[in-house]
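# Observations on chain architecture
Chain by chain, the residues run as shown.
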Amino acid sequence: MEYNTGRSLLSMKEYGRHIQKMVNYLLTIEDKTKRQEQASVLIELMGFLNPHLKNVEDFRHKLWDHLYYMSDFKLDVDSPYPIPTKETYKIKPDPLPYPKRYPKKRHLGKNIERVVEKALSETNEEKRQGFAHSIAYYMKLSYSNWHREMVSDQAIQVELDSISGGQLSVDNVPFVRKDREEFKANNARKNFGNRNNNNGRSNNNGNGRNNNGNRGNNGNNNNGNRNNNNRNAGFKKRY
């Protein structure tokens, strides 16, 4: 009997020991044509046992790399992809150069500064004014989305002056209809909810009053029945 303590370690546990034994068997095949044929069959089996790899881009490339890795890069077969080596398999890629930008107005994002720079470099006054109106509309829309309330045109102009250094100005900030409609709708929902709560409280108060009246009537009836029973009992004792 073969125990796990006496077996070799699995290089890739997700494929299991049977796949590892098949890879070890490929290393013992001397005929290269037969070895190539068996390697292709083993690749199909590895893909069948791991269907989640089909969602990965170039999953067959990954399977061939795993086959070489499980053979400790000693398998001599032809691959449709570049054959990896032991020295370069685990080399980490170079870190990506992330852009480092620190916008002045973080709540508006870093792209707003690029649009402002584009507007300032525009020589046509009509296009420049169009840029300014678009920027003001975006600022007003962002403010209303985050705060759920209306913002004055003067506040937008002050913030636009801060970003552009006072070089961009708008006569009339575009109106955001969506925000006002949502603001009215939210107020209507709140008022409707308050009315329902008030109606529920009034109904509960009325029911409570009726219940108190019924309790009082029941109490009076019970007291009257008790008095009648006591009188009848005294009458029987006398006669």
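Presented here is a report on the structure given in the accompanying data block. Values in this document were obtained by computation on a predicted structure and should not be read as measured data. (Residues numbered from 1 in each chain as written. Predicted model: local features only at pLDDT ≥ 70, side-chain atom pairs only at ≥ 80, totals over all residues. Heavy atoms only, no water.)

Moving on: the overall build of the protein chain. The helix and strand tally for the protein chain stands at seven helices and zero strands. Element order for the protein chain, N to C, with α for helix and β for strand: α-α-α-α-α-α-α. Within the protein chain, the fraction of its 239 residues that count as buried is 23%. Put simply, the protein chain shows about 18500 Å² of open surface, and 48% of that area lies on carbon and sulfur atoms. (Helix = DSSP H or I, 4+ residues; strand = E, 2+ residues; numbered from the N terminus. Buried < 20%, exposed > 50% of the residue type's maximum accessible area, 1.4 Å probe, protein only. Areas by Shrake-Rupley, 256 points an atom, 1.4 Å probe, with all protein chains shown as cover.)

The next point concerns unusual backbone geometry. The phi dihedral of Asp-72 is positive, around 60 degrees, even though this residue is not glycine. In this fold, Asp-72 is placed in the loop between helix H3 (59-70) and helix H4 (111-120). Relative accessible area serves as the criterion here: at 33%, Asp-72 is assigned to the partly exposed category. Here Phe-73, not a glycine, exhibits a phi torsion of approximately 60 degrees, which is positive. By the secondary structure assignment, Phe-73 is in the loop between H3 and H4.

As a further point, take the pattern of salt bridges. As enumerated under the stated definition, the model contains three salt bridges in all. In this structure, Arg-35 and Asp-76 form a salt bridge, with 4.0 Å as the shortest nitrogen-oxygen distance. Taken together, the residues Arg-35 in helix H2 (residues 32-49) and Asp-76 in the loop between H3 and H4 connect sequence positions 41 residues apart. For Asp-76, a relative accessible area of 44% puts it in the partly exposed group. (Salt bridge = Lys/Arg side-chain N within 4 Å of Asp/Glu carboxyl O.)

Attention shifts here to the packing of aromatic side chains. Centre-to-centre distance and the angle between the planes together describe a pair of aromatic rings. Per the stated rule, a full pass over the model turns up one aromatic pair. Judged by centre distance (6.1 Å) and plane angle (80 degrees), the ring pair of Tyr-69 and Phe-73 falls under edge-to-face. A relative accessible area of 23% places Tyr-69 in the partly exposed class. (Phe/Tyr/Trp six-rings, centres within 6.5 Å; stacked < 30°, edge-to-face > 60°.)

The next thing to look at is the environment of Asp-65. Along the polypeptide, Asp-65 turns up in helix H3. Placed 16 residues apart in sequence, Asp-65 and Tyr-81 show a C-alpha to C-alpha distance of 8.7 Å. Excluding anything up to four places from it in sequence, Asp-65 contacts Pro-82, Pro-84 and Tyr-89. (Contact = heavy atoms within 4.5 Å.)

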